[in-house]
Amino acid sequence: MTLKALAVLALTSALAVPASAQQMVFTSWGGTTQDAQAEHWAAPFTESSGTAVVQDGPTDYGKIRAMVEAGATNWDVVDVEYDWALQAGDAGLLEPLDFDVIDRDALDPRFVSDYAVGSFYYSFVLGWNPAQFSGDQPATLADLFDTEKFPGSRTFYKWSAPGVIEAALLADGVAADALYPLDLDRAFAKLDRIKSSIIWWEGGAQSQQLLASGEAPIGLFWNGRLAALQADGMPVGISWDHNITAADALVVPKGAPNRDAAMAFIAQATGAEAQAGFAAATGYAPINTGSADLMEADLRATLPDAQTALQVNADMAYWAANRDEIGNRWYAWQAQ
């Protein structure tokens, strides 16, 4: 049986039987990202360990908390946002990771904590549809907020997360090394100027559709989604200037029924080969620092870890500490 067939078999059996010692549950966000995780992480793990990986999803933070508090956890490994992982670790919702199994020293230290390791990292980047602009093309985050020079709708990530607030502050002239603590009043004042032109995207596929159709010819995107459009042959403008990094993370919910298998799975998923394969499939950067040596130079040049000179690292610890406060204000502002 091929690796992809193993992954598909695990996916189709997702809720058929409860997890056991020969089976564990991996939960993620769905879509092409989880497809790549199944192919490059889960299927090789099954082949090497004999443990089937059941695919479930989407990730749901409320469900994780409810499982843990009820003492009825049935997810073993979950792909989550890194700032949430830091918050959840402090709240006692996660198992401490076993770094005798997981090679901590091989991983990007920006995305490693006692309770979580990065699954991949990405950048929010300025993207645009060149066919929608004659003459000058956008180049900076300031252009994203300039509706006179670059008219049309803008598209931004709908949910409260690192990225959009930082972009607004950078576009307003805040230096990258002076972003934190975030000046929310200044950020929302900047966003207010273009609020009537914003179309919100809720998931990566929607962001691609908005850009490709011209409904929103410019916006802030996950870099991998723009790379996918380019791979499909669409001309896409991308500016890495002030690209804003964030990460997903792998965690083990407290009380996971297959803790040992979960640790072994995370070790496999964060290995150099698994991370390189996932990066090639998605356009997102690997967490394992040895993965770059396994990829072709032209591919490596398109990933966020090749853009560090222009990079702004979102402060995940700050977001973890202020996630709820920022979220409450974010959604209240959207509803106004």
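How each quantity is defined
Residues numbered from 1 in each chain as written. Predicted model: local features only at pLDDT ≥ 70, side-chain atom pairs only at ≥ 80, totals over all residues. Heavy atoms only, no water. UniProt positions renumbered as here; feature names shortened; annotations may be inferred. Helix = DSSP H or I, 4+ residues; strand = E, 2+ residues; numbered from the N terminus. Rg over C-alpha atoms; globule rule 2.2 N^0.38 Å. Buried < 20%, exposed > 50% of the residue type's maximum accessible area, 1.4 Å probe, protein only. Contact = heavy atoms within 4.5 Å. Areas by Shrake-Rupley, 256 points an atom, 1.4 Å probe, with all protein chains shown as cover. Lys, Arg positive; Asp, Glu negative; His and termini not counted. Charge placed at Lys NZ, Arg CZ, Asp CG, Glu CD. Core = buried A, V, L, I, M, F, W, Y, C linked by side-chain atoms within 4.5 Å. Axes fitted to C-alpha atoms, helices over the stretch in contact; angles between N-to-C directions. Parallel < 35°, antiparallel > 145°, perpendicular 65-115°, else oblique. Left-handed = near helix turned anticlockwise from the far one by under 90°. Pairing = 2+ DSSP bridges. Phe/Tyr/Trp six-rings, centres within 6.5 Å; stacked < 30°, edge-to-face > 60°. Lys NZ or Arg CZ within 6 Å of the ring centre and 35° of its normal. Salt bridge = Lys/Arg side-chain N within 4 Å of Asp/Glu carboxyl O.

For the chain, an unreviewed UniProt entry supplies the name ABC transporter substrate-binding protein and the organism Paracoccus nototheniae. Taken verbatim from the UniProt record of the chain, the Sequence similarities (unreviewed entry) comment is "Belongs to the bacterial solute-binding protein 1 family." The Subcellular location (unreviewed entry) comment attached to the chain in UniProt states, word for word, "Periplasm".

Any chance you could explain the overall build of the chain here in plain terms?
Scanning the chain from terminus to terminus reveals 13 helices and 9 strands. For a compact globule of 336 residues, the expected C-alpha radius of gyration is about 20 Å, and the chain comes in at 20 Å, within 12% of that figure. The buried share of the chain, reckoned over its 336 residues, is 54%. Across the chain, contacts joining residues at least 24 apart in sequence account for 72% of those joining residues at least 6 apart. For the chain, the exposed surface amounts to about 13900 Å²; the carbon and sulfur share of it is 50%. Charge centroids of the chain, computed over 18 positive and 42 negative side chains, lie 6 Å from each other.

Explanation requested: the nonpolar core in the structure shown.
Within soluble globular proteins, side chains that are nonpolar generally end up buried alongside one another. Within the largest apolar cluster, 95 residues are counted, with the highest numbers of intra-cluster contacts made by V77, V80, I165, L191 and F265. With residues up to four places along the chain from it excluded, the contact list for V80 reads W29, T59, Y61, I64, A85, A247, D248, A249 and V251. Among the nonpolar cores identified, the runner-up in size contains 8 residues, and V125, L211, F221 and M234 belong to it.

Please explain the packing of helix 4 (residues 82–90) against helix 13 (residues 316–335) as it appears in this structure.
In helix packing, the relevant descriptors are the interaxial angle and the interaxial distance, both defined with respect to the helix axes. It is the contact of helix 4 with helix 13, at a shortest axis distance of 8 Å, that shows an interaxial angle of 70°. On the basis of the axis angle, helix 4 is roughly perpendicular to helix 13. The hand of the helix 4/helix 13 crossing is right-handed. Residues Y82, D83, W84, L86 and Q87 of helix 4 form the contact with helix 13, whose participating residues are M316, A317, W319, A320, R323 and D324.

Even after reading the chapter, I still don't get the pairing of strand 3 (residues 77–81), so can you show me in this structure?
It is a general feature of regular strands that their side chains alternate between the two faces of the sheet. Summarising burial for strand 3: 5 of the 5 residues are buried, a large majority. In this structure, strand 1 (residues 23–27) lies alongside strand 3, joined through 2 bridges in parallel fashion. Within strand 3, the position partnered with T27 by the bridge is V78. Pairing geometry for strand 3 and strand 8 (residues 237–251), over 4 bridges, is antiparallel. Bridge pairing links V80 to A249 in strand 8.

Explain the packing of aromatic side chains here, please?
Aromatic ring pairs: the centre-centre distance and the angle between the two ring planes describe each pair. This model, assessed by the stated rule, comprises 28 aromatic pairs. Ring centres of F120 and Y284 lie 5.3 Å apart, and the angle between their planes is 25°; this geometry places the pair in the stacked category. Here F120, found in strand 4 (residues 117–128), pairs with Y284, found in the loop between helix 11 (272–282) and helix 12 (297–300); they are 164 residues apart in sequence, far enough to count as distant. No difference in accessibility class separates F120 from Y284, as the two residues are buried. One aromatic cluster in this structure is built from F26, W41, F45, F120, Y122, F124, Y157, W201, W222, F265, F278 and Y284. Looking at R104, its charged tip hangs above the ring of F99, at a distance of 4.5 Å from the centre. Here K195 stacks its cationic end above the ring of W333, 4.3 Å away from the centre of that ring.

Is there a simple way to think about the pattern of salt bridges in this case?
Oppositely charged side chains may form a pair once their charged atoms are brought near each other. Under the definition given, this model contains 11 salt bridges. Taking the shortest distance from any N to any O, the salt bridge between R65 and E69 comes out at 3.3 Å. Of the two residues, R65 and E69 both sit in helix 3 (residues 61–70), 4 residues apart, roughly one turn of that helix. Its salt-bridge partner being R186, residue D172 comes within 2.6 Å of it at the nearest N-O pair. Taken together, the residues D172 in the loop between helix 6 (164–171) and helix 7 (184–192) and R186 in helix 7 connect sequence positions 14 residues apart. Accessibility expressed as a relative area gives 33% for R186, which makes it partly exposed.

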